[in-house]
Structures are given as C-alpha cells and as structure tokens.
Amino acid sequence: MIASKTGTTATTSLIAQNLSRVLSNIHNIAPPNHTPLTPTLIAVGKTKPANLLMECYQNQQRHFGENYVQELIDKSKVLPSDIHWHFIGHLQSNKVKSICQIPNLYMVQTVDRQKIAKALNSAMSELESRKLKVLVQVNTSGEDSKSGCPPEETVALCKYVIDQCPFLELCGLMTIGDLTNSKSTEDYNPDFEKLVSLKGTVCQELALDQNQFHLSMGMSSDYELAIRYGATLVRVGSTIFGEREYHK
Ligand SMILES: *Cc1c(COP(=O)(O)O)cnc(C)c1O
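Values in this document were obtained by computation on a predicted structure and should not be read as measured data.

So what exactly am I meant to see when it comes to the side chain of T175 here?
Take T175: it is sitting in the loop between β6 (168–174) and α7 (179–183). What makes T175 buried here is its relative accessible area of 0%. Those residues in contact with T175, other than ones at most four positions away along the chain, are V138, T140, D191, L195, S216, M217 and R235.

Before we go on, may I ask you to explain the site of the ligand in this structure?
In the neighbourhood of the ligand, the contacting residues comprise V44, K46, N67, I88, I176, M219, S220, R235, V236, G237, S238 and R244. In this structure, an oxygen atom belonging to the ligand sits 2.7 Å away from a side-chain N or O atom of K46. Within the contact set of the ligand, an oxygen atom lies 2.8 Å away from a side-chain nitrogen or oxygen of R244. Considering the ligand on its own, with 390 Å² of exposed area, one finds that the protein chains cover 91% of that surface. Cavity membership is defined here by more than half of the atoms lying within 2 Å of grid points; on that basis the ligand lies in the largest pocket.

Help me understand the nonpolar core in this model?
In globular proteins that are soluble, nonpolar side chains generally tend to be buried together. Of all hydrophobic cores here, the largest spans 65 residues; its most connected members are L120, L173 and I240. Membership of the second largest hydrophobic core comes to six residues, among which are M107, L135, M174 and L233.

Could you clarify how one ought to interpret the packing of aromatic side chains in this entry?
Aromatic ring pairs are defined here through the distance separating the ring centres and the angle between the ring planes. Under the defined criterion, the tally for this structure stands at two aromatic pairs. Between F64 and W85, the aromatic rings sit 5.9 Å apart at their centres with planes inclined by 50 degrees, giving tilted as the arrangement. Pair noted here: F64 is in strand β2 (residues 63–66) and W85 is in strand β3 (residues 84–87), with a separation of 21 residues, a long-range link. In terms of burial, F64 and W85 fall into one category: buried. Between F192 and Y229, the ring centres sit 5.7 Å apart and the planes meet at 70 degrees, which makes this aromatic pair edge-to-face. Of the two residues, F192 is situated in helix α8 (residues 190–205) and Y229 in helix α9 (residues 223–229); the sequence distance between them amounts to 37 residues.

Calculation criteria
- Residues numbered from 1 in each chain as written.
- Predicted model: local features only at pLDDT ≥ 70, side-chain atom pairs only at ≥ 80, totals over all residues.
- Heavy atoms only, no water.
- Helix = DSSP H or I, 4+ residues; strand = E, 2+ residues; numbered from the N terminus.
- Buried < 20%, exposed > 50% of the residue type's maximum accessible area, 1.4 Å probe, protein only.
- Contact = heavy atoms within 4.5 Å.
- Near = heavy atom within 4 Å.
- Polar contact = N/O pair within 3.5 Å; in protein donor to acceptor, adjacent residues only side chain to side chain.
- Areas by Shrake-Rupley, 256 points an atom, 1.4 Å probe, with all protein chains shown as cover.
- 1 Å grid on protein atoms, 1.4 Å probe; cavity = no way out; pocket = protein on both sides within 12 Å on 5 of 7 lines; lining within 4 Å.
- Sits in = over half its atoms within 2 Å of the grid points.
- Core = buried A, V, L, I, M, F, W, Y, C linked by side-chain atoms within 4.5 Å.
- Phe/Tyr/Trp six-rings, centres within 6.5 Å; stacked < 30°, edge-to-face > 60°.

Encoded structure:
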C-alpha cells in the first residue's frame, strides 16, 4: 500500500511538471498576426482517472476535454464546478440531452452535422439557462474514418447554427486531421492550413469577426505548430497525462 501511495505521488507531480512545460511552450510561441486571441490549453483527460485531472486543477488548469459522454458525466460530478468542460468526441443524438445537463459544460467542439446542431439546440432550449458554445468540426483530411463535416459544407453548417439555433453560440472550427501529418516533423500541416483557410471563408461569407473566431487544432505531437498556424484552442492529452492504455 505504501508503495502504491508513493507511486501516486510521483505520478501526480510529474503531471504538474508536464503541465507547466506545455504551458510555457505555448506561452513562448508567437501566434500569427491575424490571431489576436491568446491560445488556450485544453487538458485532455480521456481514460485517465479524476485524481490525475485534479492535479492539473490544483495547478490552475481550468479547461479540460473529454471524448466519451459517460466519462465526462462521471468526472464532472466529482471534480470542481468551476472547470470548463469541452466535449471533443463523436456525439450521437441520443446522448445530447445528458451532456447538456452538465452545468459546467463549456463547449461542444464536435458539431459535424445539422442533426446534432438541432438536437443540441433543442436540449439547451429546454434548460432555458444559457447559450452553449459550439465549434463546427471539419474533416479536413477527407478520411472516411474521421468525423467532421466536409470542408465544402462548412459554411452551410455554420450558417445553420447561426440562423436556426438560437441556443447555440458558434465560436469557431475544429479539426483532428490526419495522424500522419500530425506526427510529421515538418513545419507544414495541410489540415491546419485548410482549417485556417476555411476560417477566412466562413468569416467572410457570414460576416463574422475573424478576431473572435476560434480554431481548435493541434494535439500532443503538434500543438506548437498548430499555434504558429493560428490555433486558439489546443487539445493536449498524453504529453500531460502520459500514454493512454486501452483495455479491449
Ligand atoms: C485524445 C484526443 C486529443 C489528445 O491527444 P494527445 O495526442 O494525447 O494529446 C486531442 N483531441 C482529440 C479529439 C482527442 O480525441
């Protein structure tokens, strides 16, 4: 028992160090001139226990991301209520209501079709409390396996959210992108480039303020490059919490 307690302490302080390194890396990167928003770190805790997330919280981290609805619900119940939760996983219509009932759900980053936007809007309208921030997720790499709306349908989906979903607030775009691009050591990423270009198109066609429009892109292997491209929300998991183990 003593051994496992020691182990826990060692792990948690390592997490604090990882967090502080990622934050200072983020701080040291100059975003492009056209991106006045300060990049925000979202700590992605999927598959990791709440006590490890708490270690980040104790080091002032407030934005956390989760992929799985049930895991988000469970963690939101035991972790502090001033956490800003981001849902970053694939969302099914039948899960929309339960996710919207989380009082400190901050943003849903994965609106990729009208049906989901409509369901979220309707769930939020029943709560009559606040607007829910959303991002439209784009499949920039065109892989069949990835969710996200096709790039050419992005403007229409954004327009739908703005015009038809009064209980949602469209805040920007999100992409996951091709993992091969993401792991590449080159200073070029076609997914990031595509999302930046789509931001321009969406803001121009829908008369939105580019300076207030978020881009969520970049993960452990490429968050620094993403910020150089103009990411305002970076989603970092394993670099902070360690590699994930999946039990199948
Ligand atoms: C898991 C996940 C992340 C974090 O990935 P890491 O490589 O562990 O940093 C970011 N975004 C999404 C959508 C994820 O599912």
